[in-house]
Structure formats: C-alpha cells, structure tokens
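Residue strings, one per chain:
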Amino acid sequence: MLNADDLAAIYLTIKLAATTTVILLLLATPLAWWLARNQGWWAKVIGAVVTLPLVLPPTVIGFYLLITLGPNGGLGQFTQALGLGFLPFTFWGLVLASIIYSLPFAVQPLQQAFAVIGARPLEVAATLRASPRDTFFSVVLPLARPGIITAAVMSFAHTVGEFGVVLMIGGNIPHETRVVSVQIYDHVEALQYTQAHALALTMLVFSFIVLLALHVLNKPVRTI
Amino acid sequence: MLILSVALCLGMPATAATVKVAAASNFVAPLNALAADFAKRSGHQLQISSGATGKLFAQISHGAPFEVFLAADDEAPGKLAAEGLARKDTLFTYATGRLVLWSSTGNTPNENTLKTSDLNKLALANPKVAPYGRAAVEYLQAQGLYNGLKSKLVYGENIAQALQFVATGNAEYGLIAASLVMLDGQFTLGQGWLVPAQYHQPIRQDAVLLNLGQGNAAATAFLHYLKSAPAQQIIRRYGYQ
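The residue count restarts for each chain, going from 1 along the sequence in the order it is written. Here the convention is simple: chains get letters from A, ligands get numbers from 1, in the order in which they are written. Given that the model is predicted, a residue must reach a pLDDT of at least 70 before its local features are reported, and side-chain atom pairs must reach 80 or more before they are shown or counted; all residues, however, enter totals for whole chains, interfaces and linings. Neither water nor hydrogens contribute to the side-chain values; these are computed over all heavy atoms in the structure.

A separate point is the UniProt feature "transmembrane region" (unreviewed entry) in chain A. All names here are of chain A. UniProt positions are given in the numbering used here, feature names are shortened, and annotations may be inferred rather than shown by experiment. Per the UniProt record, "transmembrane region" (unreviewed entry) is annotated on residues 12-35, 41-69, 81-101 and 196-217. Here residues 12-35 runs as 100% helix and 0% strand, with 33 Å between its end C-alpha atoms. Numbering of helices and strands starts at the N terminus; helices are DSSP runs of H or I of at least 4 residues and strands are runs of E of at least 2. Regarding residues 196-217, the helix share stands at 100% and the strand share at 0%, and the terminal C-alpha atoms are separated by 31 Å.

Residue and element names in this part refer to chain B. Whether two strands pair comes down to DSSP finding at least two bridges between them. Spatial ordering of the open sheet is given by β7-β6-β8-β5-β11, a layout of five strands whose pairing is mixed. Of all strands in the sheet, those with a lone pairing partner are β7 (153-156) and β11 (191-194), marking the two edges. Ignoring strand direction, the axes of neighbouring strands in this sheet form an average angle of 30°. Two strands pair when backbone bridges link them, and strand β6 (residues 122-125) and strand β8 (residues 173-177) are joined in this way by three bridges, in the parallel orientation. From the neighbouring strand, Ala-123 faces β8, where its bridge partner is Gly-174. Note on contacts: a residue pair qualifies if any of its non-hydrogen atoms lie within 4.5 Å across the two residues. Fitted lines through C-alpha atoms serve as axes, helices being fitted only where they are in contact, and the angles separating the N-to-C directions of these axes extend from 0 to 180 degrees. Against the sheet, helix α6 (residues 131-142) touches β5 (99-103), β6, β7, β8 and β11, its axis set at about 130° to β6. Here helix α8 (residues 159-167) sits on the sheet and contacts β5, β6, β7 and β8; the angle it forms with β8, its principal contact strand, is near 150°.

Residue and element names in this part refer to chain B. Across seven bridges, strand β1 (residues 18-24) lies against strand β2 (residues 45-51) in parallel orientation. Paired with Ala-24 across the strands is Gly-51, a residue of β2. Read from β1 through helix α2 (residues 28-42) to β2, the crossover connection turns out right-handed. Orient the strands so they point away from the viewer; a crossover is then right-handed if the path from the first strand over the helix to the second runs clockwise.

Position of Asn-126 of chain B relative to the elements: it lies in the loop between β6 and α6. As used in this structure description, the phrase polar contact means that two N or O atoms lie within 3.5 Å; if the pair is within protein, one of them must be able to donate a hydrogen and the other to accept it, and residues adjacent in sequence are counted only when both atoms belong to side chains. Of note is the side chain of Asn-126 of chain B, whose polar atom sits 2.7 Å from the side chain of Asp-186 of chain A. Every residue in contact with Asn-126 of chain B, bar those within four places of it in the chain, is listed here: Asn-172 and Asp-186 of chain A together with Gly-133, Tyr-155 and Gly-156 of chain B.

Here we take up empty space enclosed by the protein. Residues and elements named next belong to chain B. Of the two site types, the cavity is a set of points on a 1 Å grid over the protein atoms alone where a 1.4 Å probe fits but cannot get out, and the pocket is an open set with protein on both sides within 12 Å along at least five of seven lines, each lined by residues with an atom within 4 Å of a point. Grid points are joined across faces, edges and corners, and a volume is the space filled by probe spheres set on the points. According to the stated counting rule, one finds two cavities of 30 Å³ or more in the structure shown. Volume-wise, the largest cavity comes out at about 210 Å³. For the largest cavity, the lining is made up of 18 residues, of which Ala-52, Thr-53, Ala-72, Ala-130 and Asn-158 are closest to its centre. Mapped onto the lining of the largest cavity, the elements with two or more residues apiece are α3 (53-61), α6 and α8.

Turning to the UniProt feature "domain: ABC transmembrane type-1" (unreviewed entry) in chain A, a few remarks are in order. According to UniProt, the positions carrying the feature "domain: ABC transmembrane type-1" (unreviewed entry) are residues 10-214 of chain A. For the annotated span residues 10-214 of chain A, helix accounts for 80% and strand for 0% of the residues, and the straight-line distance between the end C-alpha atoms is 21 Å.

What follows covers the sheet that holds β1 of chain B. All names here are of chain B. Spatial ordering of the open sheet is given by β2-β1-β3-β12-β4, a layout of five strands whose pairing is mixed. Every other strand in the sheet has two partners, leaving β2 and β4 (86-97) as the edge strands with one partner each. Neighbour to neighbour, the strand axes of the sheet diverge by 20° on average, direction disregarded. Along the sheet face, α2 touches β1, β2 and β3 (68-70) and points at about 170° away from the line of β2. Along the sheet, helix α10 (residues 217-227) makes contact with β1, β2, β3, β4 and β12 (203-210), crossing β12 at roughly 155°.

On to the environment of Ala-52 of chain B, then. Mapped onto the fold, Ala-52 of chain B is located in the loop between β2 and α3. In this structure the C-alpha to C-alpha distance between Ala-52 of chain B and Ala-24 of chain B, which are 28 residues apart in sequence, comes to 5.5 Å. Ignoring any residue separated from it by four or fewer positions in sequence, one finds Ala-52 of chain B in contact with Glu-189 of chain A together with Ser-25 of chain B.

A few words on the nonpolar core. Buried together is how nonpolar side chains tend to be arranged in soluble globular proteins. Buried residues of nine kinds, namely Ala, Val, Leu, Ile, Met, Phe, Trp, Tyr and Cys, make up a nonpolar core once their side-chain atoms join them within 4.5 Å. Only protein chains enter the calculation, and the probe is 1.4 Å; a residue is then buried if its accessible area is under 20% of its type maximum, exposed if over 50%, and partly exposed in between. Core analysis: the biggest nonpolar cluster contains 109 residues, and Leu-70, Leu-122, Leu-140, Phe-222 and Leu-226 of chain B have the highest contact counts within it. For this core, the element with the highest residue contribution is helix α5 (residues 91-117) of chain A, accounting for 13 residues. Not counting residues within four places of it along the chain, the set of residues in contact with Phe-222 of chain B comprises Val-21, Leu-31, Phe-38, Leu-46, Val-68 and Leu-70 of chain B. Ala-22, Ala-76, Ala-81 and Ala-86 of chain B belong to the second largest nonpolar core, which has 15 residues in total.

Structure, rendered in structure tokens:
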C-alpha cells in the first residue's frame with residue numbers, strides 16, 4: 001500500500017519529530033522552570049509569547065518564517081553570515097519551524113509539573129544542604145516526570161501532525177522536506193485517494209497509539 | 001442598503017439568478033472581471049468559491065453545492081463527467097494557460113537566464129498536482145536543463161505558493177502562471193519572460209456544468225457566455241491564450 005515515497009516521508013517525519021523533541025526538551029525545561037518560579041511582569045510577557053503558536057494559524061507562522069529566514073530577512077542574513085546558508089527549504093529550517101510551532105506543547109506541561117511541586121521540597125532539600133543544581137536534578141526532575149513525558153510525547157506528536165508551517169517553508173522536496181502530512185495532501189490533490197487513505201490511516205493509528213500510551217503511562221502526580 | 005438592493009433588482013431582468021461557481025485559484029482575477037461583465041449583460045450574479053482544483057474536485061465529489069466548475073486542468077472536470085456528477089456534453093476548454101519565468105527583483109529574466117545564471121532556487125508548482133508545475137518540468141526537460149537544476153527546485157503546493165517563494169526572496173526565479181503577474185501584456189508584479197508555448201503541452205483549463213446546475217438557466221447562460229468573444233477577450237487580457 002505505502003510506496004517508496006510514502007516511506008521516505010514517514011522516515012523524514014520521524015527524524016524531524018525526534019530532533020525537534022530533543023531540542024525542545026533542552027530549551028523548554030529551563031524556560032518552564034523560570035516561568036513556574038516567576039510571577040512578574042516579564043514572566044507574563046514571555047508566557048504569552050510562548051503560547052502564541054497555539055492561537056496563530058500555521059500559515060501566519062510559516063509566512064513570517066519565510067520572510068525572516070529569507071535573504072531579505074534579519075534571521076536569514078544572520079544564518080548566511082554564520083555560513084549556514086538560508087534555512088527555508090532545508091531540514092534544519094523545518095526543525096526551527098517545528099520548535100517554534102511545538103514550543104507551547106513542551107513548555108506548558110513542564111511548567112504545570114514544576115508549579116505542582118511547589119516550594120516545599122526545595123526548602124527541604126536546601127535544609128539538607130543540597131546545592132540548587134543538585135536539587136533540580138535529584139528532586140525537581142524526578143518529581144516532574146509525568147510532565148516531562150507529556151511534554152516529550154506532545155512535542156513529538158504535534159510535530160508529526162504539523163502541516164501548514166511545513167507547507168509554507170518546506171518547498172515540498174522529496175526526502176528533504178516532504179513530510180507525511182504534505183505527502184497526504186499531495187495524494188489528495190492528485191486524486192490518489194487509495195494512497196491518501198493508506199497513509200492517512202497510518203497517521204491516525206499512530207496518533208491514537210501515542211495518546212493511548214500517554215494516558216496509560218502517565219499516572220497522576222503523587223503528592224509527598 | 002435595502003433601498004439600494006431594491007433599486008439594483010429593479011434594474012435587472014425579472015429572471016436574474018445566482019450561479020454557484022467553483023473556480024481554480026489561478027482564475028479568480030479574470031473571473032471577477034467576467035462576473036461583472038456577465039452581470040451587466042444578463043443580470044445574473046456569480047457566487048465564486050475558489051481553491052485548488054484537486055480540493056474542489058474532492059468537495060464536488062462529496063456533494064458540495066456548486067453548479068459550474070472551472071478547473072485548472074482538463075482532468076478533474078472529465079473525471080466528474082465520467083462519474084456522472086457533471087454533464088459530459090458541456091465540457092470545453094475555457095482558457096489555455098501560459099508559463100512565465102518570473103523574478104520579483106530588478107533583473108529581467110530571458111530565455112538564457114536558466115542556462116547561464118548561477119541561481120540559488122527555482123520555484124515551481126508541484127508537478128504531481130499542478131498543471132503549471134507539469135508544464136514547467138516539461139519546459140526544463142525540453143531545454144535539457146532539468147537534471148542540472150534538479151537540486152535547485154523547490155515546490156509550492158500550487159502556483160500561488162511558488163510565486164510567494166519568489167516574492168519573499170527565498171527563490172531567485174519561478175516558473176509560474178502568467179495570469180498571476182500579467183495584465184494586458186504588461187507585468188503588474190516583478191519581471192518575467194514568457195516561455196514559448198511550444199516547449200510544453202498546452203495548459204488546458206476545462207469548464208463543465210455540474211449536475212446541480214442543470215436546472216439553473218443562469219448556469220447554462222454563463223457557460224455559453226464564457227465561450228463568447230467578449231468573454232474570451234477578457235480572459236486573454238489576463239495572460240491566457
């Protein structure tokens with residue numbers, strides 16, 4: 001049912017989602033920690049910026065990325081100066097877009113998990129003379145495990161399901177930027193409904209399994 | 001507003017009706033001009049829904065209430081007729097598209113541009129789904145340029161997105177529909193070079209009367225009007241053949 005191009009699109013999508021998830025966890029963890037521990041004016045502004053991708057249509061994000069990452073855009077000139085070239089139509093362009101697009105899906109569960117922990121375990125750790133760094137790795141992260149799992153799974157799944165942004169800045173290049181969602185769209189537009197069905201069904205089953213696994217794995221946070 | 005509507009109605013023939021038209025995105029600009037002219041001549045109004053041909057095809061197959069279909073190719077209307085959703089005897093080519101090598105910056109492309117310049121990216125519509133993309137690939141192959149440029153090609157999901165890639169500066173040149181950037185033989189946007197039509201298969205855009213339009217005399221009248229000299233003249237102003 002699935003042809004070589006479909007499989008290439010699936011492989012590329014998994015590679016994109018995995019790369020994005022790893023980078024997002026590294027970026028979102030300190031960001032979410034800071035947001036959870038700060039109630040100030042700045043935290044509110046940053047929190048709103050992080051949430052923006054949830055409310056913006058993907059074409060808006062894609063369009064602005066196309067402008068800013070291109071030869072006439074600031075970021076484009078920056079990546080060019082670094083010797084990286086221009087990012088639209090490349091794998092790393094998709095990674096950058098996915099990080100922005102999936103950011104709230106990583107930050108929000110982490111932020112919630114950190115907030116639930118509260119100040120008490122940190123104070124206890126401090127009285128036992130644990131350094132802040134030790135506290136973070138030995139106390140905070142283990143307690144925030146369900147949030148971390150949710151953040152990872154949601155980032156991965158949301159990147160897999162990405163469509164509008166990759167359509168805008170991807171350039172639909174086989175093996176490089178043509179991900180599953182775009183491949184399905186291609187099949188539908190080309191009236192190849194059988195192939196569209198096969199790939200779409202694969203997506204549907206995958207998404208269901210991911211969400212089911214998330215609900216099964218993620219036991220409620222235990223209070224101490 | 002009410003007075004205005006009443007006044008407008010009084011000026012029209014008693015039989016004025018509305019035609020629901022599904023049209024390919026690349027034809028929207030000429031279609032608006034055609035709608036105005038058609039309304040002036042017949043009193044009938046067009047209600048235009050635009051989108052990619054494949055998407056409109058899928059919608060029509062699943063019962064979308066359109067009466068006339070103006071596709072960007074000659075495949076989708078034929079398929080609808082074969083499936084019994086459109087009237088086969090009403091199929092005809094209403095416009096033939098022209099391909100243009102286009103740039104949004106100051107440098108004007110010519111027939112040697114793709115052979116000589118060291119360009120970064122060349123944008124075109126996805127050849128799998130868009131007739132203009134297919135024509136672009138045929139042109140590149142006819143000129144022996146395809147293999148050399150293969151790594152430079154980026155694909156928009158349709159011709160408008162290919163234009164966007166060029167307009168935002170991410171691709172230096174694009175092979176796009178002349179209708180998007182030309183009016184009365186002049187470029188209204190950027191600069192370009194009309195690719196001679198002999199380098200690719202004709203980009204035929206077909207129209208068809210859908211089953212739902214059979215009872216609507218205005219729908220038949222509109223298709224009839226599309227074939228007329230005044231309508232064809234308007235269509236040619238927008239860079240179609």
